[in-house]
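# Fold and geometry: a report
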Amino acid sequence: MGETPEELYARAAGRLRMPPVREWETFPFEGKLRIRPLEPPVAWEHPRLGEGGVACGRCARPDDAYLWADEHWRLGPLAEPTGLPVVVILESREHYDLADLPDERARELGPLLLRIERAVRTVGDVGRVHVCRWGDGSEHLHWWFMARPARLPQLSGSFAAIWDDILPPLPDDLWRANLAAVAAAMTC
Ligand SMILES: [Zn+2]
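Everything in this summary refers to the structure shown in the same document. Only a predicted model underlies this, so the values are computations on that prediction, with no experimental measurement involved.

### Describing the environment of aspartate 172
Among the secondary structure elements, aspartate 172 is positioned in helix 5 (residues 172-187). Note on aspartate 172: relative accessible area 40%, which makes it partly exposed. Aspartate 172 sits 54 residues away from arginine 118 along the chain, and the two C-alpha atoms are 23 Å apart.

Printed below as a string of structure tokens:
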């Protein structure tokens, strides 16, 4: 049996450690840092957006809001440009969480992840495509594809998601051109 959230809190709250962030090239911040106190557990998990498919924004979105779609999957952009050259999101067409995917959909997922990674790379000067699934915000299955610009090692690794908010948003025309390149690569 693992420990309960209450046990974890009791064990850890007074013993938080400051990691050696000053040594990390990828850490986006500098200056004096202080760890936030660990908050005690809440009584229950916060509900996610669209739980049980009720009032789910991803279910309600029409196909023309996406860059590419087939019978079972849709690939879409964010609502507005961010700092990285490309950020796109793959969603199942039907409302599933990852653990609930039917076998047939699960079998499609592997080849699709590779196909989208390749499509994102066609934008050019992409050092890495980070493929992530968090799922704490909305329940409807969605995978992030985040293009890390080539030759900027400071943007490497998991902090790329933070750098995406730190870098100024892409100019609108460049953002649209990059998304169009991904869409074209998905349809060829
Ligand atoms: Zn949904």
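### Description of the coordination of the zinc ion
In the first shell of the zinc ion, the protein supplies Cys56 (SG), Cys59 (SG), His95 (ND1) and His140 (ND1), at 2.1 to 2.3 Å from the metal. For the zinc ion, the four donor atoms in the first shell make angles of 106 to 116° at the metal, a pattern classed as tetrahedral. Sequence spacing of the donor residues for the zinc ion, all on one chain, is C-x2-C-x35-H-x44-H. A relative accessible area of 8% means that cysteine 56 is categorised as buried. By relative accessible area, which is 36% here, cysteine 59 ends up partly exposed.

### Concerning the packing of helix 3 (residues 103-121) against helix 5
At a minimum axis separation of 8 Å, helix 3 and helix 5 run at an interaxial angle of 135°. It follows that helix 3 is oblique to helix 5 by the angle criterion. Crossing geometry of helix 3 relative to helix 5 is assigned as right-handed. Counting all contacts with helix 3, which are made through Leu112, Arg115, Ile116, Ala119 and Val120, the residues of helix 5 involved are Val182, Ala185 and Met186. Broken down by class, the residue content of the contact of helix 3 with helix 5 amounts to seven nonpolar, no polar and one charged.

### Some remarks on the sheet that holds strand 3 (residues 87-92)
Two orientations exist for strands paired in a sheet by backbone hydrogen bonds: parallel and antiparallel. Taking strand neighbours across the sheet as the criterion, the five strands line up as 1-2-3-5-4 in an open arrangement whose pairing is antiparallel. Looking at the sheet topology across the chains shown, the edges are occupied by strand 1 (68-69) and strand 4 (126-132). In terms of strand pairing, strand 3 meets strand 5 (residues 142-149) through five bridges, oriented antiparallel. Looking at strand 5, one finds that leucine 90 is bridged to tryptophan 143.

### As for the pairing of strand 5
With seven of its eight residues buried, strand 5 lies for the most part within the structure. Here six bridges tie strand 4 to strand 5, and the two strands are oriented antiparallel to one another. Considered in strand 5, the bridge of valine 126 is made with proline 149.

### Let's talk about the nonpolar core
Membership of the largest hydrophobic core comes to 26 residues, with the highest contact counts inside it found for Leu90, Ile116, Val120 and Phe145. When residues in this core are grouped by element, the largest group, six residues, is from helix 3. Setting aside its immediate chain neighbours within four residues, isoleucine 116 contacts Leu75, Val88, Leu90, Phe145 and Met186.

### Here's the deal with the packing of aromatic side chains
Applying the stated criterion across every chain yields a total of five aromatic pairs. Taken together, a centroid distance of 6.2 Å and an interplanar angle of 40° make the contact between tryptophan 24 and phenylalanine 159 tilted. One end of the pair, tryptophan 24, is in the loop between helix 1 (5-12) and helix 2 (57-60); the other, phenylalanine 159, is in the loop between strand 5 and helix 4 (160-166), with 135 residues separating them in the sequence. Between phenylalanine 27 and phenylalanine 159, the aromatic rings sit 5.4 Å apart at their centres with planes inclined by 85°, giving edge-to-face as the arrangement.

### Describing the side chain of histidine 140
Tracing the backbone shows histidine 140 in the loop between strand 4 and strand 5. Among the polar contacts listed, one links the side chain of histidine 140 to the backbone oxygen of glutamate 94, at a separation of 3.3 Å. For histidine 140, the contacting residues outside a window of four places in its chain are Cys56, Arg58, Cys59, Glu91, Ser92, Arg93, Glu94, His95 and Tyr96.

Procedures and definitions
Residues numbered from 1 in each chain as written. Predicted model: local features only at pLDDT ≥ 70, side-chain atom pairs only at ≥ 80, totals over all residues. Heavy atoms only, no water. Helix = DSSP H or I, 4+ residues; strand = E, 2+ residues; numbered from the N terminus. Buried < 20%, exposed > 50% of the residue type's maximum accessible area, 1.4 Å probe, protein only. Donors = N, O, S within 2.8 Å, 3.2 Å for Na, K, Ca; no water. Tetrahedral: all angles 85-135°; square planar, octahedral: opposite > 155°, others 65-115°. Axes fitted to C-alpha atoms, helices over the stretch in contact; angles between N-to-C directions. Parallel < 35°, antiparallel > 145°, perpendicular 65-115°, else oblique. Left-handed = near helix turned anticlockwise from the far one by under 90°. Contact = heavy atoms within 4.5 Å. Nonpolar A, V, L, I, M, F, W, Y, C, P; charged D, E, K, R; others polar. Pairing = 2+ DSSP bridges. Core = buried A, V, L, I, M, F, W, Y, C linked by side-chain atoms within 4.5 Å. Phe/Tyr/Trp six-rings, centres within 6.5 Å; stacked < 30°, edge-to-face > 60°. Polar contact = N/O pair within 3.5 Å; in protein donor to acceptor, adjacent residues only side chain to side chain.

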